[in-house]
Amino acid sequence: NAIGPVHLTVNGTAHSFDLPGDTKLIYVLRNDLGLNGPKFGCGLGECGACTVLIDGVPARSCVVTLKTAEGRSVTTLEGLGNLEMLHPVQAAFIAAQAAQCGYCLNGMIMTATALLVRNPTPSVSEVREALRYNLCRCGTHVEIIRAVMTAAG
Ligand code: FES
């Protein structure tokens, strides 16, 4: 639990944090950097609402510590695109009206984006498999899967 500084790159920008190494990454992203894409759901690594990409791999920022992320490259929802230039996955989720409450969508979009990088043309069952540990309590899974298939083209 040594005090920092801990260095990491977030959405392409290098940062240094003087915080305890066991600080959970989601608090650094939301509270210190104002990146509210990652959502706090369960806080136990089970729901996926807090998903970010670490070196391109989906990770649950509510359980990843700052020290674990040291030297790595973190991408949040904000790092994918913005209102002026949406990422294709973000655009597909909007077109499919995939949100009901929307709380899970950060995790769905981040996980789907990583899937499409490693498998640009997934089958529906592969999309289901990739998203199986991202929980949606509203039940909009049909629209979410449709959005991912649209983004895959
Ligand atoms: Fe991180 Fe649920 S809030 S997995």
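For the chain, the name recorded in an unreviewed UniProt entry is (2Fe-2S)-binding protein, with Rhodopseudomonas telluris as its organism.

1. So, helix α1 (residues 25–32)
Within the sequence span of α1, burial applies to Leu-25, Ile-26, Val-28 and Leu-29. Burial along α1 is one-sided: seen end-on, the buried residues are contained in an arc of 165°. Among the structural elements, β1 (6–10), β2 (13–17) and β3 (51–54) are those in contact with the buried residues of α1. Just downstream of α1, Gly-34 is the residue with a positive phi angle, here 70°.

2. So, the domain arrangement of the chain
Looking at the assigned domains, one finds that the chain contains domain 1 (6–80) and domain 2 (88–152). Its C-alpha centre places domain 1 at a distance of 20 Å from the equivalent point of domain 2. Across the boundary between the two partners, domain 1 contributes 16 residues, which contact 14 residues of domain 2. Contributions of two or more residues to the side of domain 1 that touches domain 2 are made by β3, β4 (57–60) and α2 (77–80). Counting residues per element, the side of domain 1 that touches domain 2 draws most heavily on β3, at three residues.

Basis of the calculations
Residues numbered from 1 in each chain as written. Predicted model: local features only at pLDDT ≥ 70, side-chain atom pairs only at ≥ 80, totals over all residues. Buried ≥ 20, exposed ≤ 12 C-beta atoms within 10 Å, placed from the backbone. Helix = DSSP H or I, 4+ residues; strand = E, 2+ residues; numbered from the N terminus. Arc of directions from axis to C-beta. Contact = placed C-beta atoms within 7 Å. Domains from an automatic or database assignment.

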